[in-house]
2 protein chains.
Amino acid sequence: MKRLPVALDAMGGDHAPQATVQGAVEAAREYGLEVFLVGKENLLRKELARFGTVRGVHVVDAPEVVSMDDPPIAPVRQKKESSMAVALRLVRDGLAGAFVSAGNTGAAMVAAKLILGTLAGVDRPALAAPVPNISGQTLLIDAGANVDCKPRHLLEFAVMGHFYSHLVFGIPSPRVGLLSNGEEEGKGDKVTVAAYELLADAKLGFVGNVEGRDIFAGTVDVVACDGFVGNVVLKTAEGLGEMVVRLLRQEAKRMPISALGFLLAKGALSSFKKRVDYAEYGGAPLLGVRGAVLIGHGRSNPKAIRSAIRFAHRFASSGAVAAIEERVSRLNHEANGG
Amino acid sequence: MKRLPVALDAMGGDHAPQATVQGAVEAAREYGLEVFLVGKENLLRKELARFGTVRGVHVVDAPEVVSMDDPPIAPVRQKKESSMAVALRLVRDGLAGAFVSAGNTGAAMVAAKLILGTLAGVDRPALAAPVPNISGQTLLIDAGANVDCKPRHLLEFAVMGHFYSHLVFGIPSPRVGLLSNGEEEGKGDKVTVAAYELLADAKLGFVGNVEGRDIFAGTVDVVACDGFVGNVVLKTAEGLGEMVVRLLRQEAKRMPISALGFLLAKGALSSFKKRVDYAEYGGAPLLGVRGAVLIGHGRSNPKAIRSAIRFAHRFASSGAVAAIEERVSRLNHEANGG
């Protein structure tokens, strides 16, 4: 398989284009990857010049920029020459192997669906967020692309998450759980109860219902849920994490002895932070579209961009897209009594 | 208003009857409250004897015990003489002012609904969990009593949470948020979008949609959601909290300098722990039934029981039950064009 470059939306993210250009340079230098830096050419060349000679990073001009306030439809309607749209067309036309953006998530998802198209048999492409757990990461899918999902959609999410976990994270036999309000079969809302049946029939490592605490316990590799719930779960975890840090800081200020302790504990904290750092996991893949698409956090720093480029490349060469399409088609075939 | 005793299911919870009896004794001694200790008389008298003379704690015999494995219907069907059922009948018959149990949550909820009855106009009683936030607590309602809720139910939850927050926690004008996957109006699944309209009309401090992170940010006092989502949120927070503690311990073991730091930081940690300790908030009220019902955590220690008895008493004398019934009836009246 030809190693195609990764097309990076160099204008997307809170710290673009500094963070995106630096991340691309690091990916090229450290992993020997090829990257298309897509965005305002003059700006990007100026940024790039700071790094001296860089092999493997190629600037592709795109005069427009999708902002965080633009509607999701912008890249395919008002801003067809945006970095997001141009980078996606490079993938569609077979010139790039994968797409990475840390920009407007809604716009990136809609543009990827419309420009690349959805895989045969997939009804709802979904965002899969890698969440750190005690021993590695759990893939939470859907993390916010779809609301009001039907049981069939949860099955699709499980299939897609299973293949990503297996082929990109390299987990031999991913354990797949269905997020519910109790472990017993029969627990859940109507959609979840019906999805349980479909998942039990489909096999693919289904371990049954799991609860919110399982996401961090390392008891499963993939957790399937509606995107409404997935979004709430991720934001809840983010909010709790922020509160813990703020409270510890407050306490540390109040007491001299624990202030000292807090400082000393930083060795542990920074090592811990590395364990739970989203930047290590390279962003959230949008699964179910015709291509390897990775959506980074808006706050992505160069390390997060570098990591996203690396995972995007791995995703593109993993065969996960083809595997998902093949398996989902087979499920449809079976569902139709074939 | 006569200060009626609190009826405590003395057989409920992982550490019953030791923790329940001790918690009741402490509540009587420290707050001057009256408590009915309901359960196996011989067992309870033996436990109680350990504390010498105690004023205000009265043993009421109940020969049966609802276990964690019993079906939710057990206290009203197979085990009518269980501590749970007997304690609830004391409330129903006007002999006790409130009910507290740290036992089988599903059974306690079903029994409370069936023995006490539901308030006029309330379709779905809901569990309201106080969640610690950066500056106090957020009341998450429904925390798991109902799944497949309709927009009307989310409105009821908001009304009930508003009055509990105001009358029991003493918050002058509680801010009420609707849990969604984005703050903008129009964000959410179908049920949430429709509930938004109802909440906007009902006023009662509605601040609009809130996200998962707001639960811990202290930006709202009440967060209304479907019980499926509420359960997942609580379990997610629990799981993340456990992971953080485990990872910090692992790190502390690995590095001598940070092990020291970790020990020193314990001053901060224990003070932090107090801030996020569920035992401080006295359990989750079941709102919408005819009486003050508080469900404690299964792991309740004496302090949690003591605190639950105190909040149950406060709940009973707050007028919250009557205020909820009056307001929900008025909403029904308005909804019917009255």
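All values reported here derive from a predicted model rather than from experimental measurement.

What follows concerns the overall build of chain A. When helices and strands are tallied, chain A shows 11 helices and 11 strands. A buried classification covers 58% of the 338 residues belonging to chain A. Within chain A, counting contacts between residues at least 6 apart in sequence, those at least 24 apart form 70% of the total. Surface exposure of chain A reaches about 13,500 Å², of which carbon and sulfur atoms provide 53%.

Residues and elements named next belong to chain A. What the rule picks out here adds up to 28 salt bridges over all chains. The closest approach of N and O atoms between Glu47 and Arg50, which form a salt bridge, is 2.4 Å. Classification of Glu47 by relative accessible area gives buried; the value is 12%. Of the residues examined, Arg50 reaches a relative accessible area of 54% and is grouped as exposed. Beyond isolated ion pairs, a larger network of salt bridges with shared partners links Glu26, Glu30 and Arg306.

We now examine the sheet that holds strand 5 (residues 126-132) of chain A. Residues and elements named next belong to chain A. The 11 strands lie next to each other as 3-2-1-4-11-10-5-6-9-7-8, forming an open sheet whose pairing is mixed. Sheet topology places strand 3 (57-61) and strand 8 (206-210) at the edges, where each strand pairs with a single neighbour. Here the strands of the sheet are splayed against their neighbours by 25° on average, with no regard to which way each runs. Relative to strand 3, strand 2 (residues 35-39) runs parallel, the two being bridged by 5 bridges. Across the sheet, the residue bridging to Phe36 is His58, located in strand 3. On top of the sheet, helix 6 (residues 190-202) reaches strand 7 (176-179) and strand 8; it is set at about 170° to strand 8, its chief contact.

All right, on to the pairing of strand 7 of chain A then. All names here are of chain A. Here strand 7 shows a buried face lined by Val176 and Leu178 and a second buried face lined by Gly177 and Leu179. Note that strand 7 and strand 8 share 4 bridges and pair parallel. Following the sheet pairing, Gly177 is matched in strand 8 by Gly208. Read from strand 7 through helix 6 to strand 8, the crossover connection turns out right-handed. Pairing between strand 7 and strand 9 (residues 222-224): 3 bridges, direction parallel. Within strand 9, the position partnered with Gly177 by the bridge is Val223.

All names here are of chain B. The strand order across the open sheet built from 11 strands is 3-2-1-4-11-10-5-6-9-7-8, with neighbouring strands paired in mixed fashion. At either margin of the open sheet sits one strand with a lone partner, and together these are strand 3 (57-61) and strand 8 (206-210). Across the sheet, the mean angle separating the axes of adjacent strands is 25° when strand polarity is ignored.

Applying the stated criterion across every chain, the model contains 8 aromatic pairs over all chains. A centroid spacing of 5.9 Å and a plane angle of 75° characterise the contact between A:Phe169 and A:Phe311, whose relative ring orientation is edge-to-face. With A:Phe169 in the loop between helix 5 (151-167) and strand 7 and A:Phe311 in helix 10 (residues 302-318), the pair connects residues that are 142 residues apart, well separated along the chain. Take A:Phe169 and A:Phe311: they sit in the same class, and that class is buried. Between the aromatic rings of B:Tyr164 and B:Phe315, the centroid separation amounts to 5.0 Å while the plane-to-plane angle is 85°, which identifies the pairing as edge-to-face. Of this pair, B:Tyr164 sits in helix 5 (residues 151-167) while B:Phe315 sits in helix 11 (residues 302-317), and the two are 151 residues apart along the sequence.

What follows covers the packing of helix 5 of chain A against helix 6 of chain A. All names here are of chain A. At a closest axis distance of 8 Å, the pairing of helix 5 and helix 6 adopts a crossing angle of 45°. By the criterion of interaxial angle, the relationship of helix 5 to helix 6 is oblique. Two packed elements cross with a definite hand, and for helix 5 against helix 6 that hand is right-handed. Counted together, Pro151, Arg152, Leu154, Leu155 and Ala158 of helix 5 and Val191, Ala194, Ala195, Leu198, Leu199 and Ala202 of helix 6 form the full contact between these two elements. Residue classes in the contact of helix 5 with helix 6 are distributed as 10 nonpolar, no polar and 1 charged.

Another point: unusual backbone geometry. Here A:Ile141 and A:Asp142 are connected by a cis peptide whose omega angle stands at 15°. Counting through the fold element by element, A:Asp142 comes out in the loop between strand 6 (137-141) and helix 5. Note the cis peptide between B:Ala16 and B:Pro17, where omega equals 0°. Here B:Pro17 shows up in the loop between strand 1 (6-9) and helix 1 (18-31). Located in the positive-phi region is B:Asp148, a residue other than glycine, with phi close to 55°. A relative accessible area of 28% places B:Asp148 in the partly exposed class. Backbone geometry at B:Leu204 places phi at a positive 45°, although glycine is not the residue there. If you trace the backbone, B:Leu204 turns up in the loop between helix 6 (190-202) and strand 8.

Moving on, we get to the environment of A:Gly291. Residue and element names in this part refer to chain A. Position of Gly291 relative to the elements: it lies in the loop between strand 10 (284-287) and strand 11 (292-295). It is 7.0 Å that separates the C-alpha atoms of Gly291 and Val91, two residues lying 200 residues apart in sequence. Once you skip the residues sitting within four places of it in the chain, Gly291 turns out to touch Leu116, Phe315 and Val321.

Moving on to helix 6 of chain B. The end-to-end C-alpha distance of helix 6 of chain B is 19 Å, a good match for the 18 Å that 13 residues give at a rise of 1.5 Å each. Just past helix 6 of chain B, the residue B:Lys203 takes up positive phi, approximately 60°.

Before going further, it helps to spend a moment on the environment of B:Thr138. Along the chain, the position of B:Thr138 falls in strand 6 (residues 137-141). Every residue in contact with B:Thr138, bar those within four places of it in the chain, is listed here: B:Ala129, B:Pro130, B:Val131, B:Asn133, B:Ile215, B:Val220, B:Asp221, B:Val222 and B:Val223.

With that settled, the discussion passes to helix 3 (residues 83-92) of chain B. Residue and element names in this part refer to chain B. The element helix 3 is extensively covered by neighbouring structure, given that 8 of its 10 residues are classed as buried. Three or more residues of helix 3 are buried, namely Ser83, Met84, Ala85, Val86, Ala87, Leu88, Leu90 and Val91. Buried residues in helix 3 make contact with strand 1, strand 2 (35-39), strand 3, strand 4 (98-101) and helix 4 (105-116). Within two residues after helix 3, Gly94 carries a phi angle of roughly 80°, on the positive side.

We now examine the side chain of B:Glu325. Tracing the backbone through its elements, the reader meets B:Glu325 in helix 12 (residues 320-335). Ignoring any residue separated from it by four or fewer positions in sequence, one finds B:Glu325 in contact with B:Leu119, B:Ala120 and B:Arg290.

Residue and element names in this part refer to chain A. Turning to its location among the elements, Met160 is positioned in helix 5. Judged by its relative accessible area of 0%, Met160 is buried. Measuring from C-alpha to C-alpha, the distance between Met160 and Ile141 comes to 8.6 Å, with 19 residues separating the pair along the chain. In this structure, Met160 is in contact with Val122, Arg124, Ala126, Ile141, Leu287, Gly288 and Ile324, ignoring residues within four places of it in sequence.

What counts as what
Residues numbered from 1 in each chain as written. Chains lettered and ligands numbered in written order. Predicted model: local features only at pLDDT ≥ 70, side-chain atom pairs only at ≥ 80, totals over all residues. Heavy atoms only, no water. Helix = DSSP H or I, 4+ residues; strand = E, 2+ residues; numbered from the N terminus. Buried < 20%, exposed > 50% of the residue type's maximum accessible area, 1.4 Å probe, protein only. Contact = heavy atoms within 4.5 Å. Areas by Shrake-Rupley, 256 points an atom, 1.4 Å probe, with all protein chains shown as cover. Salt bridge = Lys/Arg side-chain N within 4 Å of Asp/Glu carboxyl O. Pairing = 2+ DSSP bridges. Axes fitted to C-alpha atoms, helices over the stretch in contact; angles between N-to-C directions. Right-handed = clockwise from strand over helix to strand, strands pointing away. Phe/Tyr/Trp six-rings, centres within 6.5 Å; stacked < 30°, edge-to-face > 60°. Parallel < 35°, antiparallel > 145°, perpendicular 65-115°, else oblique. Left-handed = near helix turned anticlockwise from the far one by under 90°. Nonpolar A, V, L, I, M, F, W, Y, C, P; charged D, E, K, R; others polar. Expected span 1.5 Å × (residues − 1).

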